[in-house]
Amino acid sequence: MWEYSNKVKDHFLNPRNVGAMENPDAVGETGSLSCGDALKLFLKINGNDRITDASFMTFGCASAVASSSALTEMVKGISLDDALKLTNDDIADYLDGLPKEKMHCSVMGQDALRKAINAYRGIQIMEKPGNVVCECFGVTDLEIISAVKENH
Amino acid sequence: MKIVYTDNNATTRVAPEVLEEMLPYLSEYYGNPSSMHSFGGNVGRAIVQAREKVSELINADPDEIIFTSCGTESDNAAIHAALEANPEKRHIITSNVEHPAIKNTLELLEKKGYTVTYVPVDTKGRLDMDILYRSMSKDTALITLMWANNETGVIFPIQEVARKAKEQGILFHTDAVQAAGKIPIDVKDAGVDMLSLSGHKIHAPKGVAVLYVKKGLKFSSFMTGGHQEKGRRGGTENTAGIIGLGKACDLARAHLGQMDTTVRELRDYLEKELLEKIPSSSVNGERSNRLPNTLSIGFDAVEGESILLLMDQAGICASSGSACTSGSLDPSHVLMAMKVPFESAHGTIRFSLSTYNTREEMDHIINVLPPVIKRLRDMSPFWKK
Amino acid sequence: MKIVYTDNNATTRVAPEVLEEMLPYLSEYYGNPSSMHSFGGNVGRAIVQAREKVSELINADPDEIIFTSCGTESDNAAIHAALEANPEKRHIITSNVEHPAIKNTLELLEKKGYTVTYVPVDTKGRLDMDILYRSMSKDTALITLMWANNETGVIFPIQEVARKAKEQGILFHTDAVQAAGKIPIDVKDAGVDMLSLSGHKIHAPKGVAVLYVKKGLKFSSFMTGGHQEKGRRGGTENTAGIIGLGKACDLARAHLGQMDTTVRELRDYLEKELLEKIPSSSVNGERSNRLPNTLSIGFDAVEGESILLLMDQAGICASSGSACTSGSLDPSHVLMAMKVPFESAHGTIRFSLSTYNTREEMDHIINVLPPVIKRLRDMSPFWKK
Ligand SMILES: Cc1ncc(COP(=O)(O)O)c(C=O)c1O
Ligand SMILES: Cc1ncc(COP(=O)(O)O)c(C=O)c1O
Ligand code: FES
Ligand code: FES
């Protein structure tokens, strides 16, 4: 049994902002069915590049659901630039931590958020340095190394 | 909150009768069964009786029973013994749905130069007998096949394979950790050379298990040390555990009928209701040839851990079909071997019952699960209404 | 009849506090500690605490504790791990007074092509340090030495050898099954790489033990299977046993002082009185450097089994110094290695005390034994008055 914090349990049992959004301004998708985790993030963005609303749909474990729920709460009201600075660590911190083995579940949130914002800004996702290790998330070895370093 | 425990293929409660039998050996009778003084001798006699009771469950002779510490040890010991008995042979046959105790042990042997054939199963979890028979050769030291699968409950044709193995002079071991106590087992009739069973799956405590070794087989110990177990397994005997296992085997034998009737009916009832009440759900494994207590059922587009945790809120204990507990995202190797589609493999739950379960408990599950699945599907990007 | 139990180096009674701590895990908390549901999670937490308590007894980190089923398994696992970590090295050093768990395991390895140096002891049971150091070489994979001898209680200079081993890049394992709980043990201070201890020697139940493995050591499992014990020991955890062992380690730590004072005084009193009251009797092993609870004493011209049986009539439990239990007539390999003369080796009795023993019990032995010895000597053809 994973030792989940009360906040993780709360966000899993009572997820905030669940469901598809009508007429979203941006959508970010990550993960896949074969992978066992997937997240679809919907954003409303106003003229000042500020996120006014967010919602999600998630397929995955409790950490994945809680991370998604936390993410939507965290991004509401902040600017796109600030949103881009959010890391999976911030998501985990917001949840009072995730079990070590479950840190990767919060990476999905960070990834979907960046994809949504980049798509909104019309930026082509650039070829990333490193080798893609996880086909599902398009995660590279370098990203894993840096995530591991950040998380310890 | 009342707990509805349907995770008996993982582990079982210690039967109160078993604990009662053990308690004297955890208090006043603490002697060492191999000691000279009569104080230890009492314990020795109780162990003799336990050995008889265990042997009766599987129709073995008491001498053929070696007590070990867990099913995993029995499996390791069986593989070790088979290879030592055939030092010149370098090939092992198994299935691709074995428990990690077999699977991981054989994978390590591959690194040491052994060749292992992993006979595949079909989408119903049935062994490919053709490949199995074609892979048998003069170089084969051992065939090891589980009697019944821990995840799906699917039963392998042990007797048939054992006969073929014997014809070709190949040792045959079966991991009967899940079969023992759930279906009748007769080692003589089945013709197996070695068989593993584990106490904590049949209402004995954790920490005690058995390796059956057929009389006459040249056996080399895996755990080497003192002369315990006639020199076949070193280490001071887990006396209380062994005595508890004796009682548990007695009870298991008495309950075999109930397994085949009451428990099977409860399982079938649960299965039928869940399939009816939850759309896009499906049973994994050959339904007509399963352990009577096991139901592996997949729900499309949702994820196992989330289901388990929501059921946990309602006091229901079960297992998922994913290897998530080990930090991996993959569905279990058993479901993958059966080529269960990803959308239902990730959402697979295993219910495994015991004689302690009741119809009320099944009704509780049947009430709780449909809204749980609906709620998770409502937030799943893969659920198409 | 009241039993006077002085066979604690063979096995100990389960402390009532230990049993109390275990009982919930033999009844309501039967979950699997690696299960997902919170029912199993409770058990997982109790195991975390037990691991901490065990680590405190020997000043290890909790991560360095692997739970096994017996001291024999810990010894087997340590040897296995050391050889796997050094696949190119083929030499092992040990003493010639080790427990069969080490001795028999190494003898089998000799048959597989390993070279083993059995460093001799002198007549007091002291290690020949010269031979030990001279046998260390580039090809040495492992030095394994018991911390204290089970028969005589003689203590080996573990820290000193561990330091030399480290200097030469040789792995060092110690079988501390007899030392743990009787004298202080500090793995960091001693500088050992691996250490075995066994629950049933320190008032935990039989069926649970520990292998300490120093952080950073490349460890290969002996028992391969599931991901239990961080993948270092497959097999469902003996939860009740582990939790009992945690409590037993707590108690052992609290009782170390008592071992060094009360128990030592009782042992010394017993020794002094027996030597005085029984002519032609002698203590085996270096008296000044022994476990505080152990007395190995030889009585010329009588035979161990007969002494034991007559003591048994008076409710006294102890061990003999012979290998009689295994049907052999020889004195134990320990006494033979010490070149104890045959006339006293055959008549050797081991008394091993615990904190439960009392002065009244010692007086009982002191009253019973002299006439027993006299009676046997009166019928012995070797006794010269
Ligand atoms: C020094 C020593 N090592 C190892 C063992 C084996 O321990 P166990 O009986 O728990 O396997 C013993 C116990 O007899 C012992 O005294
Ligand atoms: C089929 C099978 N084999 C072996 C084992 C291992 O048994 P134990 O947990 O007692 O080591 C299990 C239990 O998980 C099992 O289901
Ligand atoms: S989805 Fe299984 S680990 Fe997060
Ligand atoms: S004297 Fe008969 S076996 Fe020891």
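Quick caveat, the model's predicted, so the values are computed rather than measured.

Asks: Quick rundown of the overall build of chain B? Include the residues and the values.
Replies: Along the backbone of chain B there are 13 helices and 13 strands. The C-alpha radius of gyration computed for chain B amounts to 21 Å, which stays within 12% of the reference 21 Å derived for 385 residues, consistent with globular compactness. The C-alpha extent of chain B, read off along each of the three principal axes, is 70 × 50 × 35 Å. Counting over 385 residues, chain B shows a buried share of 65%. Excluding contacts between residues fewer than 6 apart, the proportion of contacts in chain B whose partners are at least 24 apart in sequence is 73%. Counting 43 positive and 48 negative side-chain charges, chain B places the centres of these two groups 2 Å from one another.

Asks: A description of the overall build of chain A should follow, citing residues and the corresponding values.
Replies: Helix and strand counts for chain A stand at six helices and five strands. Listed by position from the N terminus, the elements making up chain A come as α-β-β-β-α-α-α-α-β-β-α. Scored against the burial criterion, the 152 residues of chain A give a buried share of 48%. Intrachain contacts of chain A at a sequence separation of at least 6 include 57% that bridge at least 24 residues. When the accessible surface of chain A is totalled, it reaches about 7,000 Å², and 50% of it is carbon and sulfur.

Asks: A description of the relation of the copies chain C and chain B should follow, citing residues and the corresponding values.
Replies: Turning chain C through 180° and shifting it by 0.0 Å along the axis lays it on chain B, with an RMSD of 0.1 Å. Taken together, the turn and the small shift mark the pair as related by a two-fold rotation axis. Taken as a fraction of all interface residues of chain C, those also at the interface in chain B reach 100%, which identifies the copy contact as same-surface.

Asks: How would you explain the interface of chain C and chain B if you had to name every residue and give the values?
Replies: Contacts between the two partners involve 60 residues from chain C, matched on the other side by 60 residues from chain B. Both sides together, the interface formed by chain C and chain B hides about 4,800 Å², and carbon and sulfur atoms give 65% of it. Between the two partners, chain C and chain B, sit two salt bridges. Put simply, E84(C) and K112(B) hold a salt bridge, and the shortest N to O gap is 2.5 Å. Joining chain C to chain B, the criterion identifies 16 residue pairs in polar contact (both at pLDDT 80 or more).

Asks: Explain the site of ligand 2 to me, using residue names and the numbers behind them.
Replies: If you check the shell around ligand 2, you find 15 residues, and the closest are T72(B), D175(B), S198(B), K201(B) and T236(C). At 2.6 Å, a side-chain N or O of D175(B) approaches a nitrogen atom of ligand 2. A distance of 3.1 Å is found between an oxygen atom of ligand 2 and a side-chain nitrogen or oxygen belonging to H200(B). In isolation ligand 2 offers 390 Å² of accessible surface; the protein chains occlude 95% of this area. Of the residues that constitute the shell around ligand 2, the class distribution is three nonpolar, nine polar and three charged.

Asks: How would you sum up the site of ligand 1? Please name residues and give values.
Replies: Within the structure, ligand 1 sits among 15 residues, and T236(B), T72(C), D175(C), S198(C) and K201(C) are positioned closest to it. Each of chains B and C places residues near ligand 1. Within the side chain of T236(B), a nitrogen or oxygen atom sits 2.4 Å from an oxygen atom of ligand 1. One of the side-chain N or O atoms of D175(C) is found 2.6 Å from a nitrogen atom in ligand 1. Burial of ligand 1 by the protein amounts to 95% of the accessible area it has alone, namely 390 Å². The biggest single contributor to the shell around ligand 1 is helix α3 (residues 71-85) of chain C, with three residues. Of the residues in the shell around ligand 1, the class split is three nonpolar, nine polar and three charged.

Asks: Describe in detail the domain arrangement of chain B, supporting the description with residues and values.
Replies: Residue and element names in this part refer to chain B. Domain annotation of chain B identifies domain 1 (4-11 + 256-379) and domain 2 (16-251). The straight-line distance from the C-alpha centre of domain 1 to that of domain 2 is 28 Å. Listed as interface residues are 27 residues of domain 1 and, on the opposing side, 30 residues of domain 2. Summing the contributions of domain 1 and of domain 2, the shared interface buries around 2,400 Å²; its carbon and sulfur component is 57%. Where domain 1 touches domain 2, the interface holds one salt bridge. Measuring nitrogen to oxygen at the nearest pair gives 3.4 Å for the salt bridge that ties E286 to R126. Counting every contact that joins domain 1 to domain 2 gives 14 residue pairs in polar contact (both at pLDDT 80 or more). Counting residues per element, the ones that place at least two in the side of domain 1 that touches domain 2 are α9 (239-277), β10 (294-299) and α11 (333-337). Grouping the constituent residues of the side of domain 1 that touches domain 2 by class yields 10 nonpolar, 13 polar and four charged.

Conventions we followed
- Residue positions are counted from 1 within each chain, in the order its sequence is given.
- Chain labels run from A onward and ligand labels from 1 onward, assigned in the order the entries are written.
- The predicted nature of this model means local features are confined to residues of pLDDT at least 70 and side-chain atom pairs, given and counted, to a pLDDT of 80 or more, with totals for whole chains, interfaces and linings taken over all residues.
- Heavy atoms throughout the structure, all of them, feed into the side-chain values; hydrogens and water do not.
- Numbered from the N terminus, helices here are DSSP runs of H or I no shorter than four residues, and strands are runs of E no shorter than two.
- Throughout, the radius of gyration refers to the C-alpha atoms, and the reference size of a globule is 2.2 Å times the residue count to the power 0.38.
- Burial classification: accessible surface area is computed with a 1.4 Å probe over protein chains only, and a residue below 20% of its type maximum counts as buried, one above 50% as exposed, and the rest as partly exposed.
- Only heavy atoms matter for contacts: two residues are in contact if any of them lie within 4.5 Å across the pair.
- Positive charges come from Lys and Arg, negative ones from Asp and Glu, while His and the chain ends are left out of the count.
- The location of each charge is read from NZ of Lys, CZ of Arg, CG of Asp or CD of Glu.
- We get accessible surface area from the Shrake-Rupley algorithm with a probe of 1.4 Å; when it comes to residues, only the shown protein chains can shield them.
- We superpose the copies by least squares over the C-alpha atoms of residues that have a pLDDT of at least 70 in both of them.
- When two components associate, each loses some accessible surface as probed by a 1.4 Å sphere; the sum of these losses over both components is called the buried area.
- Every case where a carboxyl oxygen of Asp or Glu lies within 4 Å of a side-chain nitrogen of Lys or Arg is listed as a salt bridge.
- As used in this structure description, the phrase polar contact means that two N or O atoms lie within 3.5 Å; if the pair is within protein, one of them must be able to donate a hydrogen and the other to accept it, and residues adjacent in sequence are counted only when both atoms belong to side chains.
- For each residue, the test is whether any non-hydrogen atom lies within 4 Å of the molecule or strand; if one does, the residue is near.
- Three categories are distinguished: nonpolar for Ala, Val, Leu, Ile, Met, Phe, Trp, Tyr, Cys and Pro, charged for Asp, Glu, Lys and Arg, and polar for the others, with Gly belonging to the last.
- Marked domain ranges trace back to an automatic or database domain assignment.

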